[in-house]
Amino acid sequence: MATPVTTPSIQEVPQGAGTAITPSIAPARSAQREGGNSLGTFGVKSGLAQMLKGGVIMDVVNAEQARIAEEAGACAVMALERVPADIRAEGGVARMSDPQMIKEIVDAVTIPVMAKVRIGHFVEAQILQAIGVDYIDESEVLTPADDEHHINKHAFKVPFVCGARDLGEALRRISEGAAFIRSKGEAGTGNVVEAVRHSRAVMSQIRRASVMNEEELYLFAKEIQAPFHLLKETARLKRLPVVNFAAGGIATPADAALMMQLGCDGVFVGSGIFHSGDPAKRARAIVQAVTHHNNAKILAEVSENLGAAMVGLTIDPNIKGGLLAKRGN
Ligand SMILES: O=C(CO)[C@H](O)[C@H](O)COP(=O)(O)O
């Protein structure tokens with residue numbers, strides 16, 4: 001398990017959710033696996049996610065890659081059969097990965113293991129919870145199973161991560177029980193522009209909300225289709241009430257540092273590492289870049305001689321595989 005990086009700071013949680021407490025990550029994982037029933041509150045789930053702050057979460061498709069990620073300093077891995085660039089290139093229906101393959105990755109590392117389910121596919125989520133993954137990503141990278149409903153994430157003990165393009169989308173996911181938000185970006189492109197767009201959108205809407213009075217907040221909640229109580233809490237905190245990572249298209253140490261300087265709490269890197277010339281070196285460099293995101297000298301050092309970066313794609317409406325970020329709303 002990862003060494004805790006921060007102490008959970010969220011004191012107020014979504015209506016109907018449990019009480020925030022300071023969690024210990026290891027008992028939470030073992031209790032989840034043993035089917036314990038006392039760890040499912042929103043406070044615990046969002047508190048566990050706080051421990052990943054300042055870290056890099058890397059997509060891995062086998063135990064060997066998971067070990068490389070852990071040695072490079074990843075704070076967690078995302079276990080999946082195909083990284084987004086391959087899902088995009090190969091097409092077809094992308095589903096939850098084989099539980100056996102996920103279990104091999106869980107057994108290979110000591111850091112938390114995440115795995116993806118299709119949007120709305122609550123049975124895939126039941127399966128991942130049963131095999132003891134640490135976090136579930138209800139992800140637009142997989143083919144949606146339900147084009148109207150997301151999973152009721154309050155019904156699960158395991159914390160969920162969800163993607164968002166703006167503040168309204170982020171708060172709708174939190175109201176469904178997401179304990180961790182990430183930008184959608186445009187996964188599998190190696191192009192950071194959409195992650196920048198989505199993270200800037202969330203942050204500028206939070207800045208606007210933070211100076212509104214209550215009447216204005218009611219109107220803004222209607223405009224962005226966000227639950228009022230969550231918008232009010234976000235305005236008070238001047239940040240999302242859960243951790244907010246960047247994801248989708250991050251391929252270089254400079255991309256990762258850019259997202260951190262824009263105010264993200266950490267980054268996901270999928271295709272960018274294991275589709276590059278020297279995955280171990282790039283993985284270490286991206287971890288260093290996130291840690292030292294404000295130090296241009298260190299950023300220059302870690303950016304040297306990394307070998308080939310993944311080939312990037314221009315994002316246009318005819319992009320192969322379509323725009324993944326448009327899935328789910
Ligand atoms: O869905 C994800 C985060 O949960 C992916 O891990 C992430 O978006 C990867 O994208 P990319 O391959 O562009 O880095």
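Residues numbered from 1 in each chain as written. Predicted model: local features only at pLDDT ≥ 70, side-chain atom pairs only at ≥ 80, totals over all residues. Heavy atoms only, no water.

Thoughts on the packing of aromatic side chains
Now for step 1: With the rule as written, the count across this model stands at six aromatic pairs.
Now for step 2: Aromatic pair Phe245 and Phe268: ring centres 5.8 Å apart, planes at 65°, arrangement edge-to-face. Within this pair, whereas Phe245 is found in strand E7 (residues 243-245), its partner Phe268 is found in strand E8 (residues 267-269), the two being separated by 23 residues in sequence. Here Phe245 matches Phe268 in class, with each residue buried.
Now for step 3: Grouped by ring-pair contacts, the aromatic residues Tyr135, Phe180, Phe245 and Phe268 constitute a single cluster. (Phe/Tyr/Trp six-rings, centres within 6.5 Å; stacked < 30°, edge-to-face > 60°. Helix = DSSP H or I, 4+ residues; strand = E, 2+ residues; numbered from the N terminus. Buried < 20%, exposed > 50% of the residue type's maximum accessible area, 1.4 Å probe, protein only.)

Describing the nonpolar core
Now for step 1: Formed by 49 residues in total, the largest nonpolar core has its most connected members in Met58, Ile102, Leu128, Met259 and Val267.
Now for step 2: Top contributing element to this core by residue count: helix H5 (residues 99-108), with five residues.
Now for step 3: When sequence neighbours within four positions are dropped, the list of residues in contact with Val267 reads Gly55, Val56, Ile57, Phe245, Ala246, Ile250, Ala256, Met259, Met260 and Val290.
Now for step 4: Counting residues in each nonpolar core, the second largest holds 23 residues, with Ala164, Ala209, Phe228 and Leu230 among its members. (Core = buried A, V, L, I, M, F, W, Y, C linked by side-chain atoms within 4.5 Å. Contact = heavy atoms within 4.5 Å.)

Overview of the UniProt feature "active site" (unreviewed entry) in the protein chain
Now for step 1: When the UniProt feature table is mapped to this numbering, "active site" (unreviewed entry) covers Lys116.
Now for step 2: When neighbours within four sequence positions are excluded, Lys116 is seen to be in contact with Met78, Ala79, Leu80, Met96, Leu128, Asp137, Ser139, Val141 and Leu142.
Now for step 3: Within polar-contact distance, the side chain of Lys116 engages the side chain of Asp137 at 3.1 Å. (UniProt positions renumbered as here; feature names shortened; annotations may be inferred. Polar contact = N/O pair within 3.5 Å; in protein donor to acceptor, adjacent residues only side chain to side chain.)

Side note on the pairing of strand E3 (residues 113-118)
Now for step 1: For E3, the buried fraction is high: six of the six residues fall into the buried class.
Now for step 2: Sheet analysis places strand E2 (residues 76-79) next to E3, joined by three bridges and oriented parallel. What sits directly across from Ala79, in E3, is Ala115.
Now for step 3: One ladder, built from five bridges, connects E3 with strand E4 (residues 135-139); its direction is parallel. Paired with Arg118 across the strands is Ser139, a residue of E4. (Pairing = 2+ DSSP bridges.)

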